[in-house]
Amino acid sequence: MPHAAAPVVTIDGPSGAGKGTVSRGLAKRLGWHLLDSGALYRVAALAGQRAGLAANDQDGHAVLAATLKIVFSAHPDGSEQILLDGQDVTRAIRSEEAGAGASRVATWPALRQALMARQHAFARPPGLVADGRDMGTVVFPGAALKIFLVASPEERAQRRYNQLKGKDSGVSLAALSREIEARDRQDSTRPVSPLVRAEDAIVVDSTRLGIAEVVEAIWRLGAQRGLWQG
Ligand code: DC
């Protein structure tokens, strides 16, 4: 396995369960690398759109995904910055529309395969925290610790609403609930790499927990396994 060189913690789960923030917090605390695999699907969908590919051109999107120049870095203020061919797409990929586009192209096997090597390349010493839908089941099946992060649908819609307020104007809580439900369905029922809990994943429910408490819970689980000093 190309990623055996570094320990991997996978954090999978549905939209809005807090995977992104928790993964970032854990990676920072550990000083490990971070893979935001959802961002790769979002960028792939956006790149296809910008290249003028037909919305159903699966092969075209897969070829594009294999060759995209994506750079994950930080703005001067420390916030995340994602560059596609040198262009800042950080805001563009975070809209609900971009999320829906990502969920659609993510159902295509060739595109998922095209992003595989790119994801494995993130597993470098001292370690990797990988956030997504199939991190523990398909991309890093040998991960040292697998978390399946869940939260109630109401709580997830509310969090997404709070996140998007001011960024994606005109979005309503009711519309977000419907979109999250539709995305859950599409992500969980697709034949390739559906969102399912890996058999050896530990379920963490973040409905009533703050970010710091979730990071702490995962930290303790890793320490119990001897992955790091508690
Ligand atoms: O985590 P996110 O909302 O940024 O992900 C956007 C979409 O990308 C999500 O609806 C499904 C897809 N995705 C995927 O299929 N596999 C992953 N490992 C990560 C995301």
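Let me sum up the structure you'll find in this document.

The rules behind these values
- Residues numbered from 1 in each chain as written.
- Predicted model: local features only at pLDDT ≥ 70, side-chain atom pairs only at ≥ 80, totals over all residues.
- Heavy atoms only, no water.
- Salt bridge = Lys/Arg side-chain N within 4 Å of Asp/Glu carboxyl O.
- Helix = DSSP H or I, 4+ residues; strand = E, 2+ residues; numbered from the N terminus.
- Pairing = 2+ DSSP bridges.
- Contact = heavy atoms within 4.5 Å.
- Axes fitted to C-alpha atoms, helices over the stretch in contact; angles between N-to-C directions.
- Near = heavy atom within 4 Å.
- Polar contact = N/O pair within 3.5 Å; in protein donor to acceptor, adjacent residues only side chain to side chain.
- Areas by Shrake-Rupley, 256 points an atom, 1.4 Å probe, with all protein chains shown as cover.
- Nonpolar A, V, L, I, M, F, W, Y, C, P; charged D, E, K, R; others polar.
- Buried < 20%, exposed > 50% of the residue type's maximum accessible area, 1.4 Å probe, protein only.
- Lys, Arg positive; Asp, Glu negative; His and termini not counted.

1. Topic: the pattern of salt bridges
Turning to step 1, where the next piece is worked out: One pass over the full model with this rule turns up 13 salt bridges.
Turning to step 2, where the next piece is worked out: Across the pair E181 and R185 runs a salt bridge whose closest N-O atoms are separated by 3.5 Å. Placement of both E181 and R185 in helix α9 (residues 173-189) is noted, with a separation of 4 residues, approximately one turn of the helix.
Turning to step 3, where the next piece is worked out: Here E216 makes a salt bridge to R220, at a shortest N to O gap of 3.9 Å. Taken together, the positions of E216 and R220, both in helix α10 (residues 211-224) and 4 residues apart, correspond to about one turn of that helix.

2. With respect to the sheet that holds strand β3 (residues 70-74)
Turning to step 1, where the next piece is worked out: Overall, antiparallel pairing links the 3 strands, which are arranged β3-β4-β5 in an open sheet. Of all the strands in the sheet, the pair left with one neighbour each is β3 and β5 (87-88).
Turning to step 2, where the next piece is worked out: Both β3 and strand β4 (residues 80-84) contribute to a ladder of 5 bridges, which runs antiparallel. Considered in β4, the bridge of A74 is made with E80.
Turning to step 3, where the next piece is worked out: Packed on one face of the sheet, helix α2 (residues 37-50) meets β3, β4 and β5 and runs near 40 degrees to β4.

3. Details of the sheet that holds strand β2 (residues 33-36)
Turning to step 1, where the next piece is worked out: Taken in spatial order, the 5 strands line up as β2-β6-β1-β7-β8 in an open sheet, and their pairing is parallel. Lying at the two open borders of the sheet, with one neighbouring strand each, are β2 and β8 (202-205). Neighbour to neighbour, the strand axes of the sheet diverge by 20 degrees on average, direction disregarded.
Turning to step 2, where the next piece is worked out: Summarising the sheet, strand β7 (residues 145-150) and β8 pair through 4 bridges and their orientation is parallel. Within the sheet, the bridge partner assigned to L149 lies in β8 and is V204.
Turning to step 3, where the next piece is worked out: The sheet contacts of helix α1 (residues 19-30) involve β1 (8-12), β2, β6 (128-132) and β7, and relative to β6 the element is tilted by about 180 degrees.
Turning to step 4, where the next piece is worked out: Sitting on the sheet, α2 is in contact with β2 and β6, with an inclination near 45 degrees to β2.

4. So, the site of the ligand
Turning to step 1, where the next piece is worked out: Close to the ligand lie 16 residues; R42, R112, R133, D134 and R190 are nearest.
Turning to step 2, where the next piece is worked out: At 3.0 Å, a side-chain N or O of R183 approaches an oxygen atom of the ligand.
Turning to step 3, where the next piece is worked out: The side chain of R190 places a nitrogen or oxygen atom 2.8 Å from an oxygen atom of the ligand.
Turning to step 4, where the next piece is worked out: Considering the ligand on its own, with 450 Å² of exposed area, one finds that the protein chains cover 96% of that surface.
Turning to step 5, where the next piece is worked out: Those elements that place two or more of their residues in the shell around the ligand are α2, α4 (96-105) and α9.
Turning to step 6, where the next piece is worked out: Looking at the shell around the ligand, the element that brings in the most residues is α2, giving 4 residues.
Turning to step 7, where the next piece is worked out: For the shell around the ligand, the per-class residue count stands at 4 nonpolar, 4 polar and 8 charged.

5. With respect to helix α3 (residues 58-67)
Turning to step 1, where the next piece is worked out: Listing the buried residues of α3 in full gives G60, H61, A62 and A65.
Turning to step 2, where the next piece is worked out: Buried-residue contacts for α3 involve α2, α4, α5 (109-114) and α6 (116-120).

6. What to know about the side chain of K19
Turning to step 1, where the next piece is worked out: One can find K19 in helix α1.
Turning to step 2, where the next piece is worked out: Comment: no salt bridge for buried K19; closest opposite-charge side chain is D131, at 4.6 Å.
Turning to step 3, where the next piece is worked out: Engagement of the side chain of K19 in a polar contact is seen with the backbone oxygen of P14, the distance being 3.1 Å.
Turning to step 4, where the next piece is worked out: Excluding residues within four positions of it along the chain, K19 makes contact with I11, D12, G13, P14, D131, G132, R133 and L149.

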